[in-house]
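Examination of the molecular architecture
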Amino acid sequence: MRLFFNFFGFQVGWFACVYGAANTRPLLGPLVVLIIVTIHLAISKNTYKELILLTVVGLIGLFWDSLLMIFGLVTYPSGVIFNGLAPYWVVSMWVLYATTLNVCLHWLRKRYFLSIFLGALLGPLAYFIGEKLGGINILNHRYSLFFIGVGWAMILPMLNVVSKRLDGAIFAENATFLND
């Protein structure tokens, strides 16, 4: 049940962020994310470790999406406070994503080659869907989506390593999905 709620919460938060940004309500997503993250931290075994994980992933996301903006690969219609920095709602999506690393994506932690493949495939897909919903503008699709894929092929395995070291969530290293 926890896996379902973690996955469902991520989907709701992701959609709220993109929908809010696309409809000039960029605070909507971060408010939904705040609720989801608060619940996540409340049920975590080690709140401190999990909070550090969420902060580290948020900073990685801020850096990555800011690079995409600086290199002219993407633009955002709302939520940008400082030119060259990713909008706050995008950073909140990264924090939200971090809540899945030790819960519904725990199974991916030791599968580095699969992480590389899924990062290369699903990273650009998320940005592409975000564009179709109006939350982001991808400039020069072929080049930008390729670059995003290469980046996510490196980022996802790195996030798996970080999440393993900072596992304060629900699952222990030897936990099985059948026990939940």
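The paragraphs below set out a description of the structure included in this document. In every chain, residue numbers begin from 1 and rise along the written sequence. Whole-chain, interface and lining totals are the exception, using all residues; otherwise, since this is a predicted model, local features are given only for residues with pLDDT of at least 70 and side-chain atom pairs are given and counted only at 80 or more. Based on all heavy atoms of the structure, the side-chain values leave hydrogens and waters out of the count.

It is worth spelling out the side chain of S92 at this point. A run of H or I in DSSP becomes a helix once it reaches four residues, and a run of E becomes a strand once it reaches two; helices and strands are each numbered from the N terminus. Locating S92 in the fold gives a position in helix 4 (residues 88–101). It only takes one pair of heavy atoms within 4.5 Å for two residues to be counted as in contact. Filtering out sequence-adjacent residues up to four positions away, S92 remains in contact with C17, P30 and V33.

What follows covers the environment of A42. Assignment of secondary structure puts A42 in helix 2 (residues 28–42). Along the sequence, A42 and A169 sit 127 residues apart, while their C-alpha atoms lie 9.6 Å from each other.

Let us now look at helix 5 (residues 112–132). Under the convention used throughout, the expected extent of a helix is 1.5 Å for every residue step, that is, one less than its residue count. Relative to the 30 Å expected for 21 residues at 1.5 Å per residue, helix 5 spans 30 Å between its end C-alpha atoms, a close match to the ideal helical length. Where helix 5 bends most, the angle comes to about 30°, and this point is G119. Where helix 5 is buried, its residues touch helix 1 (2–22), helix 3 (47–70), helix 4, strand 2 (137–138) and helix 6 (141–165). Looking one or two places after helix 5, you find G134, whose phi comes out positive at around 95°. Each residue is assigned a bend, namely the angle between axes fitted to the seven residues that terminate at it and the seven residues that start at it.

A few words on the packing of aromatic side chains. Two aromatic rings from Phe, Tyr or Trp, using only the six-membered ring of Trp, form a pair when their centres are within 6.5 Å; if the ring planes differ by under 30 degrees the pair is stacked, by over 60 it is edge-to-face, and anything between is tilted. Throughout the structure, instances matching the rule amount to nine aromatic pairs. Seen from their ring centres, F4 and F5 are 5.5 Å apart, and the 65° between their planes marks the pair as edge-to-face. Buried, partly exposed and exposed residues are distinguished by accessible area as a fraction of the type maximum, computed with a 1.4 Å probe on protein chains only: under 20%, between the cut-offs, and over 50%, respectively. What makes F4 partly exposed here is its relative accessible area of 48%. Plain terms: the ring middles of F10 and Y97 are 5.9 Å apart, the flat faces sit at 65° to each other, and that makes the pair edge-to-face. Placement of F10 in helix 1 and of Y97 in helix 4 is noted, with a sequence separation of 87 residues between them. Accessibility assignment for this pair places F10 and Y97 in one class, buried.

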